[in-house]
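Okay, here's what each chain looks like letter by letter:
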Amino acid sequence: MKKLTNKVVLVTGASRGIGAAIAMEMAKEGAKVVINYSGNKAEADSLVQTISNEGGVAIALQADVSNAAQVQALFDHAVAHFGKVDILVNNAGIMITKLLKDTTDEDFTRQFDINVRGTFNTLREAATKLADNGSIINLSSSNNRIILPTYSTYAASKSAVEQLTRVFTKEIGNRGINVNSVSPGPTNTELFRKGKTDEAIERLKSMSPFNRLGEARDTAKVVVFLASDDAKWINAQNIGVNGGMS
Ligand code: NDP
């Protein structure tokens, strides 16, 4: 028996990277998947095709998570199409890395608008629209634990995501919904590789006892577990998915 048969999952930022891997793994476990993306329609459509070629069911829906009206429409469209949403994965995110002194007002606003307001927007919809006994998994980062220069606004945004996670459990637990966050370590995606030298990547790799980067699938497998009934008693937790880096 697959772990997520008859479940409907909405994954934000699922056109690429970790979100795409989560969508794939959810579909393999029997869930019907809503693949949200912001600009990359071609990759989102191609993932829908891949899932359907493998016998799964998925649709792609555009919405900028930082825009409340678009997130409302995203939820409504998903519910209208599949009849319900059981699982929400708040994966959409960006990472701006600069020394704090060089960070502009626009950088700060963009970082928080997508990572924090985006999560807030979907949680607010989920408060009334997620099905009873569902699950929510929010993407934080191990960056919060290792503390490196240039990550101030990013780490601050992910700390806010962890607090939204904890507080929301107290507001939605009465509907049987558990809410957790995961904190991947450095993971081999565009977000991580962009702007880094090979040397910088090697340095981060060597911080892991396994001396490798995470792959998107490493995190996806854990998110699927947290979305399954087997993980129902895990609530308000932050799970590191980083090979023991921190
Ligand atoms: P990628 O840059 O590879 O993918 C980002 C995804 O988010 C894309 O699907 C993109 O859509 C989507 N997205 C970006 N902005 C928006 C928006 N405003 N509204 C909706 N979707 C949006 O990132 P990763 O896969 O690496 O990261 C995924 C999550 O994991 C992020 O929250 C990140 O902070 C977190 N994380 C990543 C780590 C890493 O090392 N990679 C480590 C720890 C945490 P589109 O394609 O349409 O642009």
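Anyway, here's the lowdown on the structure attached to this text. Computed from a predicted structure; not experimentally measured.

1. Some details on the site of the ligand
Move 1: Around the ligand, 31 residues are found, and the nearest of them are Ser15, Arg16, Gly39, Tyr154 and Thr189.
Move 2: A distance of 3.0 Å separates a nitrogen atom of the ligand from a polar atom in the backbone of valine 65.
Move 3: At the level of secondary structure, the elements contributing two or more residues to the shell around the ligand comprise α1 (17–28), β2 (32–37), α6 (152–172) and α7 (190–193).
Move 4: Ranked by residue count, the leading element in the shell around the ligand is α7, at 3 residues.
Move 5: Across the shell around the ligand, the residue classes tally to 13 nonpolar, 14 polar and 4 charged.

2. Focus on the side chain of asparagine 143
Move 1: With respect to the helices, strands and loops of the structure, asparagine 143 is situated in helix α5 (residues 143–146).
Move 2: Residue asparagine 143 is classed as buried on the basis of its relative accessible area, which comes to 9%.
Move 3: Not counting the four nearest positions on each side in its chain, asparagine 143 is found in contact with Tyr151, Tyr154 and Ala155.

3. A word on the nonpolar core
Move 1: Core analysis: the largest hydrophobic core is formed by 34 residues, its most contacted members being Ile22, Met26, Val33, Ile35 and Val89.
Move 2: Contributions of two or more residues to this core are made by β1 (8–11), α1, β2, α2 (41–53), β4 (87–90), β5 (135–139) and α9 (216–227).
Move 3: By residue number, the principal contributor to this core is α1, which donates 8 residues.
Move 4: Beyond its immediate chain neighbours, meaning those up to four positions away, valine 89 contacts Val9, Leu10, Val11, Thr12, Ile22, Met26, Ile137, Leu139 and Val223.
Move 5: Ala63, Leu74, Ala126 and Ile172 belong to the second-largest nonpolar core, a separate cluster that totals 20 residues.

4. Observations concerning the packing of α1 against α2
Move 1: Direction vectors running N to C along α1 and α2 enclose 20°, while the axes themselves pass 10 Å from each other. In terms of orientation, α1 lies roughly parallel with respect to α2. For α1 against α2, the interelement crossing comes out right-handed. Side by side, α1 and α2 meet where Ala20, Ala23, Met24 and Ala27 of the first sit next to Leu47, Thr50 and Ile51 of the second.
Move 2: Considered class by class, the residues forming the contact of α1 with α2 number 6 nonpolar, 1 polar and no charged.

5. Some words on the packing of helix α4 (residues 105–129) against α6
Move 1: Closest axis-to-axis distance for the α4/α6 pair is 9 Å, and the angle between their directions is 15°. It follows that α4 is roughly parallel to α6 by the angle criterion. Of the two possible hands of crossing, α4 and α6 adopt the one that is right-handed. Along its contact with α4, which presents Phe108, Gln111, Phe112, Asn115, Val116, Thr119, Phe120, Leu123, Ala126 and Ala127, the element α6 presents Thr153, Tyr154, Ala156, Ser157, Lys158, Ala160, Val161, Leu164, Phe168 and Ile172.
Move 2: Of the residues belonging to the contact of α4 with α6, the class tally is 14 nonpolar, 5 polar and 1 charged.

6. Side note on the packing of aromatic side chains
Move 1: For the structure shown, the criterion picks out 2 aromatic pairs.
Move 2: Arranged with centres 4.6 Å apart and planes meeting at 20°, the rings of phenylalanine 108 and phenylalanine 112 form a pair that is stacked. Here the residue phenylalanine 108 and the residue phenylalanine 112 both occupy positions in helix α4, the gap between them amounting to 4 residues, near one helical turn.
Move 3: Owing to a relative accessible area of 42%, phenylalanine 108 belongs among the partly exposed residues under this scheme.

7. With respect to α1
Move 1: Helix length check: α1, at 12 residues, gives a terminal C-alpha distance of 17 Å against a target of 16 Å (1.5 Å per residue), a fit within 8%.
Move 2: Counting buried residues along α1, 10 of its 12 residues qualify, which places the element largely inside the surrounding structure.
Move 3: Turning to α1, its buried residues number three or more, namely Ile18, Gly19, Ala20, Ala21, Ile22, Ala23, Met24, Glu25, Met26 and Ala27.

Rules used throughout
- Residues numbered from 1 in each chain as written.
- Predicted model: local features only at pLDDT ≥ 70, side-chain atom pairs only at ≥ 80, totals over all residues.
- Heavy atoms only, no water.
- Near = heavy atom within 4 Å.
- Polar contact = N/O pair within 3.5 Å; in protein donor to acceptor, adjacent residues only side chain to side chain.
- Helix = DSSP H or I, 4+ residues; strand = E, 2+ residues; numbered from the N terminus.
- Nonpolar A, V, L, I, M, F, W, Y, C, P; charged D, E, K, R; others polar.
- Buried < 20%, exposed > 50% of the residue type's maximum accessible area, 1.4 Å probe, protein only.
- Contact = heavy atoms within 4.5 Å.
- Core = buried A, V, L, I, M, F, W, Y, C linked by side-chain atoms within 4.5 Å.
- Axes fitted to C-alpha atoms, helices over the stretch in contact; angles between N-to-C directions.
- Parallel < 35°, antiparallel > 145°, perpendicular 65-115°, else oblique.
- Left-handed = near helix turned anticlockwise from the far one by under 90°.
- Phe/Tyr/Trp six-rings, centres within 6.5 Å; stacked < 30°, edge-to-face > 60°.
- Expected span 1.5 Å × (residues − 1).

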